Amino acid sequence: MLHIPCPYCGPRDETEFHYGSEAHVGYPENSSNLTDEEWAKFVFIRSNPKGWMAERWVHSAGCRRWFNVWRNTINHEFGPSYKPFSQQPKSPA
Amino acid sequence: MATTTRRRTVELPDHPDFLWVADQKPKKSYDVIIIGAGGHGLATAYYLAKNHAITNVAVIEKGWLAGGNMGRNTTIIRSNYLWDESTGIYDHSLKLWENLEEEVGYEMFFSQRGVMTLAHSVSDVRSKRRNFYANHVNAVDSVWLTPEEVKEIAPIVNISEDIRYPVMGATFQPRGGIAKHDWVAWGYAKAAADMGVDIIQNCEVTGFNIVNGKVQGIKTTQGDIAANKVGMVAAGHTSVLADMAGFDVPLQSRPLQALVSELNEQVLDTVIMSGAVHVYVSQAHKGELVMGAGTDSYNSYAQRGGFHVIEHQLAAACELFPIFERAHMLRTWGGIVDIAPDASPIIGLTPVENLFINSGWGTGGFKATPGSGWVMAATIASGEPDTLAKPYALDRFTSGHLIDEHGAAGVAH
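The structure reproduced in this document is the subject of the present report. (Residues numbered from 1 in each chain as written. Chains lettered and ligands numbered in written order. Predicted model: local features only at pLDDT ≥ 70, side-chain atom pairs only at ≥ 80, totals over all residues. Heavy atoms only, no water.)

### Some remarks on the sheet that holds strand β4 (residues 52-58) of chain A
Residue and element names in this part refer to chain A.
Thought 1: Spatially, β3-β4-β5-β6 is the arrangement adopted by the 4 strands of the open sheet, whose pairing is antiparallel. With partners counted over all chains shown, the strands left at the sheet margins are β3 (18-22) and β6 (78-82), one partner each. Averaged over all adjacent pairs, the angle separating strand axes in this sheet is 30 degrees, with direction ignored.
Thought 2: For β3 and β4, the ladder comprises 3 bridges, and the chain directions are antiparallel. (Pairing = 2+ DSSP bridges. Helix = DSSP H or I, 4+ residues; strand = E, 2+ residues; numbered from the N terminus. Axes fitted to C-alpha atoms, helices over the stretch in contact; angles between N-to-C directions.)

Structural data, given as structure tokens:
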């Protein structure tokens, strides 16, 4: 089980959280002008790196807040976690 | 290599010393390179040689043959999906399974013992009934079972109404079943190698040689290899390859776990699945219970998952099958599955000319091994999507023609 560092509560068991996939995917600007290809990219394409990934989790059974965290998809090691709208720490890589 | 292990219920033939050239080195160039020596990659190479007389083919594998998901799945075979496109490819696959052992001349322990999918709530019953009717429309064998009929086929199922997930009915596909997955891989590998296909293990792809948008070959840990055409059949690592080739794929790689018990007397002669409680179980030929769990929630390439996922699965299994409570689990393991947004595969052309993709089989690729190889070989040979593969093109995510099989995919994602 992952031990996930919630930036509000500290490290807690994975079963307290739900996963939110890739972080920093913003709603597209000028959405009324997007092509089908651009919509497909926004709706369906998410990065799937082998290595460090910035991702979202929500601490559902704790503070119930969303946050971002760096995690390595090769060995599940966690890097720094950080609050939404705060400065993103550099990738630990 | 004779073994002295006592066998319980079935005599497995002794493994031959070798089936293909074990330390094959790559040639300078090939007509076709297939990346990934799992079931789908080997089947693709086999059908390229068998159906299209293309034998100057290499199957490149970063690890060992069938060491990825092909050796990590729960070997369930069925074709009772919801949509026409799915029936097309999965039922074609099932028909190929039915003659496969004779065709390739290799034992695979294909056993059509039926696959039962349980329904546990009113909405579950409705969606399974819908599936059952869709199967009838598409001439796929499908039977609706009452809880009592479930009990008749599989007496160990608890059909009491007073459990957390009561059995309210089930669909049953009699033609479904299981096969021994490693034997399937070896059978395809041997038959392909006999026709001249090179199988090259311990050879990881590190890049593509692409000139003017057209693939010319691949870069590997064993040097550059030229090819007229390249097929990516790399399951959980497809995104990594697509990154190297410079295009996006709508895939997420997640761990999917399975587990096996010690050898038991035969108590279950069919396959039972339950999407609602994340249980699917069959009893292998020697007597071990083979069970699968749901996917872990996060992206990973680690080939392992959390134990709480196994715990959740076993809790439901023990309630549905009280006889399992004292069974000892021997091993758990994880594979990395590539899941597309609609839980359907992605097969066909890519933005790079002569580079083909076969991926996104997610949690249910094993059953499709023959059909997947068949359509991939046809697509590579002609350079155009095969009829059955056409709906699975990468551009369906732009056109919106998704093939939503989350309901029939068996495992919740």
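### Re the interface of chain B and chain A
Thought 1: Listed as interface residues are 25 residues of chain B and, on the opposing side, 24 residues of chain A.
Thought 2: Of the roughly 2,000 Å² buried between chain B and chain A, counting both surfaces, carbon and sulfur atoms make up 54%.
Thought 3: If you look at where chain B meets chain A, you find 1 salt bridge.
Thought 4: Among the salt bridges present, the one from Asp248 of chain B reaches Lys41 of chain A, with a minimum N-O distance of 2.7 Å.
Thought 5: For the interface between chain B and chain A, the tally reads 15 residue pairs in polar contact (both at pLDDT 80 or more).
Thought 6: Every element with two or more residues in the side of chain B that touches chain A is listed here: α6 (238-245), β12 (252-263), α7 (307-320) and α9 (396-399) of chain B.
Thought 7: Tallying contributions element by element places β12 of chain B first for the side of chain B that touches chain A, with 3 residues. (Contact = heavy atoms within 4.5 Å. Buried area = accessible area lost by both parts, 1.4 Å probe. Salt bridge = Lys/Arg side-chain N within 4 Å of Asp/Glu carboxyl O. Polar contact = N/O pair within 3.5 Å; in protein donor to acceptor, adjacent residues only side chain to side chain.)

### With respect to the pattern of salt bridges
Residue and element names in this part refer to chain B.
Thought 1: Per the counting criterion, the structure on display carries 11 salt bridges over all chains.
Thought 2: For Glu103, the salt bridge goes to Lys50, with nearest N and O atoms at 3.2 Å. Taken together, the residues span a long stretch of sequence, with Glu103 in helix α2 (residues 84-104) and Lys50 in helix α1 (residues 39-52) at a distance of 53 residues.
Thought 3: Residues Arg175 and Asp141 are paired through a salt bridge, measuring 3.0 Å at the closest nitrogen-oxygen approach. Here Asp141 lies in the loop between α3 (122-137) and β5 (143-145) and Arg175 lies in the loop between β6 (169-173) and β7 (177-178), a separation of 34 residues in the sequence. The exposure classification of Arg175 matches that of Asp141, with both residues buried.
Thought 4: One salt-bridge network, in which partners are shared between bridges, spans Asp91, Lys95, Glu98, Asp141 and Arg175. (Buried < 20%, exposed > 50% of the residue type's maximum accessible area, 1.4 Å probe, protein only.)

### Structural notes on the sheet that holds β6 of chain B
All names here are of chain B.
Thought 1: Taken in spatial order, the 8 strands make up an open sheet running β5-β6-β4-β13-β14-β15-β12-β16, and their pairing is mixed. Each edge of the sheet is formed by a strand with only one pairing partner; in this case those strands are β5 and β16 (329-339). Sheet twist, expressed as the mean angle between neighbouring strand axes with direction ignored, is 20 degrees.
Thought 2: Pairing analysis gives 3 bridges linking β5 to β6, with the strands arranged antiparallel. If you follow Val143 over to β6, its bridge partner there is Phe172.
Thought 3: Most of the contacts of α3 go to strand β4 (residues 115-119), to which it runs at about 145 degrees, and overall it touches β4, β5 and β6.

### Some points on unusual backbone geometry
All names here are of chain A.
Thought 1: Although it is not a glycine, Ser21 sits at a positive phi angle of roughly 65 degrees.
Thought 2: The topology assignment puts Ser21 in strand β3.
Thought 3: Positive phi outside glycine occurs at Arg64, with the angle close to 65 degrees.
Thought 4: For Arg64, the location among the structural elements is in the loop between β4 and β5 (66-72).
Thought 5: Judged by its relative accessible area of 66%, Arg64 falls in the exposed class.

### Here we look at the packing of aromatic side chains
Thought 1: Inspection of the entire model under this criterion finds 22 aromatic pairs over all chains.
Thought 2: With centroids separated by 4.9 Å and ring planes inclined at 75 degrees, the aromatic side chains of Tyr46 of chain B and Tyr47 of chain B adopt a geometry described as edge-to-face. Grouping residues by exposure puts Tyr46 of chain B and Tyr47 of chain B together as buried.
Thought 3: Three or more aromatic residues link up through ring pairs in this structure, and these residues are Phe17, Tyr19, Trp57 and Phe67 of chain A together with Tyr298 of chain B.
Thought 4: Geometry around Phe42 of chain A places Arg46 of chain A over its ring, the cationic atom sitting 5.9 Å from the centre.
Thought 5: Note that Arg164 of chain B overlies the ring of Tyr165 of chain B, its terminal NZ or CZ placed 4.4 Å from the centroid. (Phe/Tyr/Trp six-rings, centres within 6.5 Å; stacked < 30°, edge-to-face > 60°. Lys NZ or Arg CZ within 6 Å of the ring centre and 35° of its normal.)

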